[in-house]
Amino acid sequence: MDTSSLMEQILSKENLNTAYLQVVRNKGAEGVDGMEYTQLKEHLEKNGEIIKEQLRTRKYKPQPVRRVEIPKSDGGVRNLGVPTVTDRFVQQAIAQVLTPIYEEQFHDHSYGFRPNRCAQQAIITALDIMNNGCDWIVDIDLEKFFDTVNHDKLMTLIGRTIKDGEVISIIRKFLVSGIMVDDEYKESVIGTPQGGNLSPLLANIMLNELDKEMEQRGLNFVRYADDCAPRKRSQVA
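Reading guide: rules and limits
Residues numbered from 1 in each chain as written. Predicted model: local features only at pLDDT ≥ 70, side-chain atom pairs only at ≥ 80, totals over all residues. Heavy atoms only, no water. Axes fitted to C-alpha atoms, helices over the stretch in contact; angles between N-to-C directions. Helix = DSSP H or I, 4+ residues; strand = E, 2+ residues; numbered from the N terminus. Parallel < 35°, antiparallel > 145°, perpendicular 65-115°, else oblique. Left-handed = near helix turned anticlockwise from the far one by under 90°. Contact = heavy atoms within 4.5 Å. Patch = residues over 30% accessible without salt bridge, like charges linked within 9 Å, V, L, I, M, F, W, Y side chains within 5 Å. Areas by Shrake-Rupley, 256 points an atom, 1.4 Å probe, with all protein chains shown as cover. Salt bridge = Lys/Arg side-chain N within 4 Å of Asp/Glu carboxyl O. Lys, Arg positive; Asp, Glu negative; His and termini not counted. Charge placed at Lys NZ, Arg CZ, Asp CG, Glu CD. Buried < 20%, exposed > 50% of the residue type's maximum accessible area, 1.4 Å probe, protein only. Phe/Tyr/Trp six-rings, centres within 6.5 Å; stacked < 30°, edge-to-face > 60°. Lys NZ or Arg CZ within 6 Å of the ring centre and 35° of its normal. Pairing = 2+ DSSP bridges. Polar contact = N/O pair within 3.5 Å; in protein donor to acceptor, adjacent residues only side chain to side chain. Expected span 1.5 Å × (residues − 1). Arc of directions from axis to C-beta. pLDDT = per-residue confidence, 0-100. Core = buried A, V, L, I, M, F, W, Y, C linked by side-chain atoms within 4.5 Å.

Teacher, can you tell me more about the packing of helix α3 (residues 40-56) against helix α4 (residues 85-103) here?
Think of two packed helices as two axes; the pair is described by the angle between the axes and how far apart they sit. Two elements in contact, α3 and α4, have axes separated by 11 Å at closest approach and are oriented at 55°. Comparing their axes, α4 and α3 come out oblique. Handedness of the α3/α4 crossing: right-handed. On the side of α3, the interface is formed by Leu40, His43, Leu44, Ile51 and Leu55, while α4 contributes Val85, Thr86, Phe89 and Val90.

Put into structure tokens, the structure is as follows:
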């Protein structure tokens, strides 16, 4: 597939309309600019053409994400990044075009953050593998995965498939747009914010390399986002 002119697909009227509807459907909190999702329609009516031109000419500048800490059951916290509603709209438009491209590459035993896939399907696949004679199970949870994604490695992987410079440029800008913790700005030198519309796809692009490695090693596995359970048959001496 030719991926050298994806930006025009991203900026097509149909794709942008679908992205707008999805962002509004998701609702969500406001970002650092205070704009609520209910204000997006009016904002795009006034500034939509400017945003499109900025994306075409690599002049669009994402705003920092707003850091929100969500308590975890183990007593820790999960860091979520809340982009502005405009940035969520742009990210959603990008994700809608890139997802079908990468769906052709992703492993069949990857279930998290993918269209028409869910945790229940991952469980059924895991049970099928176990019933097929695999009784050694290793449960893997990549600690703080979203917070520690290496930008250069991720962009190298994206560049193997995506050849549109404008698309590559805006993805990099989202990765390095920074984080606002209260009123303090922090650079985002690693990680992809959990909470962004594009982050789930970026996570799967990165973790697809893990899938390929496990398959190459002859392991049966099931992965849901950054949780993975490789399985193998027991060894009898």
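Quick question: what am I supposed to make of a negative patch on the surface here?
Together, Glu69, Asp182, Asp183 and Glu184 make up a region of like negative charge exposed at the surface. The residue glutamate 184 is located in strand β6 (residues 184-186) in this model. When its relative accessible area of 48% is taken as the criterion, glutamate 184 is described as partly exposed.

What's the story with the packing of aromatic side chains in this structure? I'm lost.
Two aromatic rings, taken as a pair, are described by how far apart their centres are and by the angle between their planes. Taken as a whole and assessed by the stated rule, the structure comprises four aromatic pairs. Relative to phenylalanine 106, the ring of tyrosine 102 has its centre 6.0 Å away and its plane inclined at 20°; by these criteria the two rings are stacked. A network of ring pairs unites the aromatic residues Phe113, Phe145 and Phe146 as a single cluster. Geometry around tyrosine 111 places arginine 117 over its ring, the cationic atom sitting 4.9 Å from the centre.

Can you help me understand the pattern of salt bridges in this one?
Oppositely charged side chains are able to pair whenever their charged atoms sit close together. All chains considered together, the criterion is met by twelve salt bridges. Linking glutamate 213 and arginine 217 is a salt bridge whose minimum nitrogen-to-oxygen distance equals 2.7 Å. Each of Glu8, Glu53 and Arg56 takes part in a single network of salt bridges with overlapping partners.

Just checking my understanding: could you explain the pairing of strand β1 (residues 65-71) for this structure?
Consecutive side chains along a regular strand alternate between the two faces of the sheet. Summarising the sheet, β1 and strand β5 (residues 179-181) pair through two bridges and their orientation is parallel. Bridged to arginine 66 within β5 is methionine 180. Two strands pair when backbone bridges link them, and β1 and strand β2 (residues 77-82) are joined in this way by six bridges, in the antiparallel orientation. Looking across to β2, one finds that arginine 67 is bridged to glycine 81.

Even after reading the chapter, I still don't get the sheet that holds β1, so can you show me in this structure?
The strands making up a sheet associate through hydrogen bonds between their backbones, and the pairing can be parallel or antiparallel. The sheet built from four strands is open, its strands ordered β2-β1-β5-β6 with mixed pairing. A single partner strand is all that each edge strand has here, and the edge strands are β2 and β6. Shown here is a sheet whose adjacent strand axes are inclined to one another by a mean of 40°, direction ignored.

For this particular structure, what's the right way to read the environment of serine 177?
Among the secondary structure elements, serine 177 is positioned in the loop between α8 (165-175) and β5. C-alpha of serine 177 to C-alpha of glutamine 63: the two residues are 114 residues apart in sequence and 5.9 Å apart in space. Filtering out sequence-adjacent residues up to four positions away, serine 177 remains in contact with Pro62, Gln63, Pro64, Tyr185 and Ser188. A distance of 3.1 Å separates a polar side-chain atom of serine 177 from the backbone oxygen of phenylalanine 174.

I keep staring at helix α2 (residues 13-26) and nothing clicks. Help me out?
In an α-helix, one turn spans 3.6 residues; hence positions three or four apart end up facing the same way. The end-to-end C-alpha separation of α2 is 20 Å, in line with the 20 Å expected for 14 residues at 1.5 Å each. Taken residue by residue, α2 has Asn15, Leu16, Ala19 and Val23 as its buried positions. Looking down the long axis of α2, one finds its buried residues gathered within 95° of arc, a one-sided arrangement. Residues of α2 that are exposed and point over 90 degrees away from its buried face: Lys13, Glu14 and Arg25. Those residues of α2 that are buried lie in contact with α1 (6-10), α3 and α4. In the segment just after α2, lysine 27 is the residue with positive phi, at about 60°.

Please clarify how the confidence of the model for the chain should be interpreted in this entry.
Should the pLDDT be low somewhere, the predicted coordinates at that spot are not to be read in detail. Taken as a whole, the chain shows an average pLDDT of 91; of its residues, 95% reach a score of 70 or greater. Counted against residues more than four places away or in other chains, residues 233-237, with its pLDDT under 50, gives eight contacts.

Explanation requested: the nonpolar core in the structure shown.
Looking at soluble globular proteins, one finds that nonpolar side chains tend to be buried together. Ranked by size, the top nonpolar core spans 44 residues in total, and within it Leu98, Ile158, Ile171 and Ile205 carry the most contacts. At the level of elements, α1, α2, α3, α4, α6 (145-148), α7 (151-161), α8 and α9 (199-216) are the ones that each hand at least two residues to this core. Per-element accounting of this core gives the leading share, ten residues, to α4. Non-local contacts of isoleucine 171, meaning those with residues more than four positions away in its chain, are made with Leu98, Met155, Ile158, Leu198 and Leu202. With six residues, the next largest nonpolar core counts Tyr111, Ala126, Ile129 and Cys134 among its residues.

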